[in-house]
Each structure stands twice: as C-alpha cells, then as structure tokens.
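In case you want the letters, here they are:
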Amino acid sequence: MVKENEVAAMEIEGPKPNNSDQINPRYSINVLQLLKSAQMQHGLRHGDYARYRRYCTARLRRLYKSLKFTHGRGKYTRRAMNESTVTEVRYLHLVLYTAERAWSHAMEKRQLLDGPNAKQRIYLIGRLRKAVKWADLFSRLCAAKGDSRTSLEAEAYASCMNGLLLFEQDRNWDTALKNFISARAVYEELGKYGDLENQVLCRERVEELEPSVRYCRHKIGESNLKTSELLQIGEMEGPALDLFKAKLEAAMAEARSQQAASLTEFHWLGHRFPISNAKTRVSILKGWHLISLSEDLAQELEKDLHGPAADSLPAEKKLAVFDKIYTAYQEARSFIRSDLASAGNADSVKDDLNGLDKAVGAVLGQRTIERNQLLVSIAKSKLARHRDDKNEKVTKPEELVRLYDLLLQNTGDLSDLVSSGRDRKPEEVAFSEDCVLRSMAFRAQRCFYLAKSYSSAGKRTEAYALYCHAQSLAENALKKFQTTMDTDEAMTKELKTLYNECRANSCIEHATGIMEDEKAPENLSKKISTISLSGVDKKAEKFLIEKLDVYESAVGESNVKSVPRIGVFPPAFQSIPRNPIVLDLAYNCIDFPSLENRMKKDKKGFISRLWR
C-alpha cells in the first residue's frame, strides 16, 4: 500500500471523473519531495544504498501486485509501458522506482572498500545506463500524462541521471555539463514557488548540483577547482554528491599512485631517508597533499575567526583536514614498522627505516601542535566574546589551561624525539632550540589563563601572584625570541600583548583586593544583622501550616516548577527560658580556717604495728 506521506505527495489535478469532457487526466507527482522522503527514511541518511535498493524492490513488488501489472506467472512475458498503459498515477511510480533501483544498485557497487574492479565497473555503468533509460521513459510519460510541474521535475531528474552516467564514463564532459546546468536551472525556478518545504528541497538540490557543474567546467578547461573548494565539497552531504566524491577520491588516489613512483627519498632537517615501500610513499604523499590543503585554508580560517562572520566559526573544516593528516601519517608509520619487522639482520636497512619513522613521527608531532594551536585560537575568540547562547557552550579559562598543557606536552615530546639521535645536524639543534622557546611562550600563556581562572573564583591573592609570574615568564620568552635570528613575528606580537595584559590584570587584581578588604567589615556587619534565630525569611511567602484560616493553595500553579510550601522542615530553633547561670567568683579568694584539731586521731597498739 502507498504510505501516507507518499499519498500526500501525489494528487490528480483537473475536474472530477464524472465530467464527460475529461479524457486525459493530468497527474501530479512532487518528484523531489517523494524521493527525498523515501531516501532519508530507507538508508540514504547514512549512505546505505543496499537498504534503499531493497526498499525500491519491495515497493515495486507492491505496485505490480496492486496494479495487476505482472509479467506472467510461469514464463516471463514483458509488458510494454507506454502512454496508453498509464491510466493512473501509480504507473508513473513504477517507472520512477525502477530507475531509482538501478541507480542505487550502481551506487552500491561504487561504495566498495577497494573500489570497483574492471568487471564491477562494467556492471556499474550498465546499471547507470538502465537508470538513464527508465528516467528518460519517466520524463516522456510525465510530459504526456503529467501536469507542467511534474513534467519539469521529471525532465530535471532525467538530466541528472544522464549527467551522472557521462560523469562516470569520463567522457562527453560538455554534454554532461549541459545536463547538469539544465537540471540546476529547473530546480532554481521551482524553488521560487510552492510551500516552504519544497523551496528548501529545491535549494538543497541546486547546491548538490553546483560542484558537478564546476568539475565539468574544470574538465573542459573553463575553470579551475581550488583545494579549499574540494574540501567544501567533501563536507557537503547528499545522494547527488556521493558519486562525485567517490570519483574525485579515485582520481586523487590515482594521481598519488603516479607521483609515488617518483618519490624515492624523504627529506627532513638535513637528512635523506630512502622510501622503498610503495604503500608508504602513497600515505606520505596523501599527508603532503592534505598539508597543502590546510595551508590554503589558513587565510580563510583567520578571516572567519577575526572577521565579521566570527559567529559562525567554520573551523571544523581545518580540524577535519588535521584528522585526515594524522590518519595518513599513522598509516605510513604502520607500513614503516611492518617493513622494520621484516627487515631481518640488515643493519643499514634498519637504520634507514628507524630514521624514516622518526622523521614521520616528528612531522606528525608538528601537525599535532598546529592543530592544538588552532583549538587555542578558537577558544580565545569564544572567551573574548563572552557568548552565553543556548546552542553554544561558554568557554572557561580552565579549558585554555588544559589546551596549553597539551601544547607543552607535545612540544616536550617533539624536542625529545629530535634530540634523541647521536650525530645531530645544525638543523636539528636549531629545531630543538625553537621547541624550547615555544614551550616558554606556552608556559607563560598557561600561567596567564590559570590566573584568570583564580580571578573568576574570587581568589585575588593567588590571581595577583600568578599574573606577576606570567608577566615575568612572558618577558623572559620575549627576550629570547628577540635574540634569535629567525624571529617569529606572530609569536613576538602575541607575547607583547600577553605582557601588557598581565601587567593590566595584576593592577586590577591588586586594586580589587584592596577594595574588598576595605569593605569586608561592612559586609560582615550587614550579614550579621540579617541573622535571626528562627531562620525564617519574613519576605518569603507563608507556609500552609501558618495560614490554615485562608483558602489558598500551597502547591502553586501547574506550569511553574516550585517546591510546595506546606511546612518548615527541619523545624527552626526556638528560644526557650531556662534557669539562670550563677558563677561563684569569690570562692578562690576566701581563706578557710584549719580543721586539723577537730579531726579524729587514729590510736594503734604494739601488736597492730607488727601487722603492717
């Protein structure tokens, strides 16, 4: 049976059937809304094309059975689908879901772990051809039997399918571009009309088609795709982009494999390490490409952090790139260590592999420090804005202290790794010194935000001492940076700002502490004056037990969450009378007479003395 949401998506326009003048009714299907609902509810929300294909198969089985449009019971006899066959809207659904089943089967083959091989790719293209065939039939039938809007949507759907087939075949890029542009134009027009949900769906479809249009133009030679645009495409979601992203990833992997043949050595701080394993070369090349991608996004990210669009903070773009860099270099290190385990007793080979592992680990450490510095910059921008939105957690100084702890640990590990060799080159010595300088700067920053956390807790003495200590650390680090040959201007500027902020905050804490000490007796007297033995606030509402003569509820309104005021528990202390306390203060000052002469003397005989 047709589900409720699908019944709502299709309607039959025109006069009632009892009108004798109505010969060819015009059917209406909201194609985009119907397919989007089916795809999101049956697997494509998580990219599960196998589940969506099974749904299309079950949907077609129900349609064939309800329409009694079967192809024979024993021997398969194909029944033609043409304009005269379409007597109700469900026949159009048959054609549409058949095209969707073929397309989802092709996408399922595209999502294999190692990619489709030659035989599977032939089958994939065959399924896409089948999807194009049924999409074209759906477009022709809707042009003859559907209303104008349904005809336009069917035409756009067929154009998308034709473009995807040419996209997968890597040929006729101009024809593919025409198909994608035609579909985009239709959805742009349809997005101007209808209800709000339909307009949103059309805009999403236009955004999904835009990368394919740009890539086709890039292949023709009309434009160039930048690396930052590739990252944006990779983060977008939608079934129309899955084939594009898979194709793009396959092309990049093929390019890396071709470049890996020419990569024979890894250069790092004056050392040259040979790379013999092809998988290691590919992983290192992938890391290099991602590093260049993150560098291209650096300027854009700085604009987002400090520009007018700082509220959006799209820093997740670069964080995702750093995660991929980490995965690529970890994969390269796993290949190096497997080669090291199978190297045998060849000392020269082991030395080269150990040096290569050390170099890749050092590069990975550098990228980890850069990622943590990015997190620090994001946290600083949030802390400076003092945002307290419901959708965003407020950044506290303690979070920056934790991040600087990580940076200090990463810098120490990297310095230990670089200085672990015997024959150190000048480049390694300079790199170790730079790590030491950066750790001094990170320690000053950590001390500053630790002082901020104490200040927010109201501990003025500790905050003042930490601000003074951070000021001295920043001054020492600034002197060290200014004496080096290659001065880091960004770090020097940051240390100068930190020095000024430490001095200003220490003065503020000093003044605030003095003011609080001056007001302490006054505040204490105010607090003591408000103390009562009963412990009951007079301004508060009375309890139920105190107003039994008044007909009022003690629970309160149903829409307000408040504690019922029935009685005080535990009961408050009450003052009660008691006997007066008498202190005998004259007792210790009185000289009493001696009573020894009145005491009875003990008289004992000679025999009693013997028994002592």
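Owing to the predicted nature of the structure, the values given are computational and were not obtained by experimental measurement. (Residues numbered from 1 in each chain as written. Predicted model: local features only at pLDDT ≥ 70, side-chain atom pairs only at ≥ 80, totals over all residues. Heavy atoms only, no water.)

## Describing the overall build of the protein
Piece 1. Helices and strands together make up the secondary structure of the protein, namely 18 helices and 4 strands.
Piece 2. Taking all 612 residues of the protein together, 38% fall into the buried category.
Piece 3. Long-range contacts, defined as pairs at least 24 residues apart, comprise 67% of the intrachain contacts of the protein with a sequence gap of at least 6.
Piece 4. Surface summary for the protein: the accessible area is close to 38400 Å², and the carbon and sulfur share equals 53%. (Helix = DSSP H or I, 4+ residues; strand = E, 2+ residues; numbered from the N terminus. Buried < 20%, exposed > 50% of the residue type's maximum accessible area, 1.4 Å probe, protein only. Contact = heavy atoms within 4.5 Å. Areas by Shrake-Rupley, 256 points an atom, 1.4 Å probe, with all protein chains shown as cover.)

## Brief notes about unusual backbone geometry
Across the chain, the bulk of peptide bonds are trans and the bulk of non-glycine residues have phi less than zero.
Piece 1. Positive phi, normally seen in glycine, also occurs at D170, with a value near 60 degrees.
Piece 2. Its location among the elements puts D170 in the loop between α6 (148-169) and α7 (173-190).
Piece 3. One non-glycine residue, N172, lies in positive phi territory at about 50 degrees.
Piece 4. Tracing the backbone through its elements, the reader meets N172 in the loop between α6 and α7.

## Some details on the packing of aromatic side chains
Piece 1. Inspection of the entire model under this criterion finds 13 aromatic pairs.
Piece 2. Taken together, a centroid distance of 6.2 Å and an interplanar angle of 5 degrees make the contact between Y64 and F69 stacked.
Piece 3. Geometrically, the ring pair formed by F167 and F180 is edge-to-face, given 6.5 Å between the ring centres and 75 degrees between the ring planes. Of this pair, F167 sits in helix α6 while F180 sits in helix α7; the two residues are 13 residues apart in sequence, bridging distant segments of the chain.
Piece 4. On the accessibility criterion, F167 (2% relative accessible area) is buried.
Piece 5. One aromatic cluster is present, built from ring pairs that chain together Y404, F442, F448, Y449 and Y467. (Phe/Tyr/Trp six-rings, centres within 6.5 Å; stacked < 30°, edge-to-face > 60°.)

## What about the pattern of salt bridges?
Piece 1. Counted according to the given criterion, the structure contains 15 salt bridges.
Piece 2. One salt bridge connects E208 with R205, and the closest N-O pair in it is separated by 3.5 Å. One end of the pair is E208 and the other is R205, both in helix α8 (residues 196-220) and 3 residues apart, which spans about a single turn.
Piece 3. Since its relative accessible area comes to 4%, E208 is described here as buried.
Piece 4. Residue R205 is classed as buried on the basis of its relative accessible area, which comes to 16%.
Piece 5. Two residues, R460 and E516, come together in a salt bridge whose shortest N-O distance is 3.2 Å. Residue R460 is found in helix α16 (residues 460-483), and its partner E516 is found in helix α17 (residues 489-529); the two are separated by 56 residues along the sequence.
Piece 6. With a relative accessible area of 37%, E516 lands in the partly exposed category.
Piece 7. Where salt bridges share partners, they join K36, R205 and E208 into one cluster. (Salt bridge = Lys/Arg side-chain N within 4 Å of Asp/Glu carboxyl O.)

## Let's talk about the packing of helix α2 (residues 31-41) against helix α3 (residues 49-67)
The geometry of a pair of packed helices is captured by two quantities: the angle between their axes and the separation between those axes.
Piece 1. In contact at an axis separation of 9 Å, α2 and α3 are set at 120 degrees when each is read in the N-to-C sense. Looking at the two axes, α2 sits oblique to α3. Note on packing geometry: the crossing formed by α2 with α3 is right-handed. Where α2 abuts α3, its residues L35, A38, Q39 and Q41 lie against R51, Y52 and Y55.
Piece 2. Residue classes in the contact of α2 with α3 are distributed as 4 nonpolar, 2 polar and 1 charged. (Axes fitted to C-alpha atoms, helices over the stretch in contact; angles between N-to-C directions. Parallel < 35°, antiparallel > 145°, perpendicular 65-115°, else oblique. Left-handed = near helix turned anticlockwise from the far one by under 90°. Nonpolar A, V, L, I, M, F, W, Y, C, P; charged D, E, K, R; others polar.)

## Some thoughts on the environment of R438
Piece 1. Within the secondary structure layout, R438 lies in helix α15 (residues 426-456).
Piece 2. In the structure, R438 is positioned 30 residues away from L408 in sequence and 8.6 Å away in space, judged by C-alpha atoms.
Piece 3. The residues contacting R438, other than those within four sequence positions of it, are Q373, F481, D488 and M491.

## Considering the packing of α3 against helix α4 (residues 89-110)
Piece 1. The interhelical angle for the contact between α3 and α4, taken along N-to-C directions, is 155 degrees, at an axis separation of 9 Å. In this view, α3 runs roughly antiparallel relative to α4, as classed from their interaxial angle. Like other packed secondary-structure pairs, α3 and α4 cross with a definite hand, here left-handed.
Piece 2. Tallied by class, residues from the contact of α3 with α4 come to 14 nonpolar, 6 polar and 6 charged.

## Things to note about a nonpolar patch on the surface
Piece 1. On the surface, a nonpolar cluster with roughly 400 Å² of combined accessible area is contributed by I581, L583 and L585.
Piece 2. Mapped onto the secondary structure, L585 falls in the loop between α17 and α18 (606-610).
Piece 3. Judged by relative accessible area, L585 falls into the exposed class, the value being 71%. (Patch = residues over 30% accessible without salt bridge, like charges linked within 9 Å, V, L, I, M, F, W, Y side chains within 5 Å.)

## So, the confidence of the model for the protein
Piece 1. Considering every residue of the protein, the mean pLDDT works out to 75; 69% of them sit at 70 or more.
Piece 2. Taken element by element, the predicted model of the protein shows its lowest mean pLDDT in strand β1 (residues 10-13) (40) and its highest in α3 (92).
Piece 3. The model gives residues 1-22 a pLDDT under 50, and that stretch makes 29 contacts with residues more than four places away or in other chains.
Piece 4. This stretch, residues 288-313, has a pLDDT under 50; its non-local contacts, to residues over four places away or in other chains, come to 47 contacts. (pLDDT = per-residue confidence, 0-100.)

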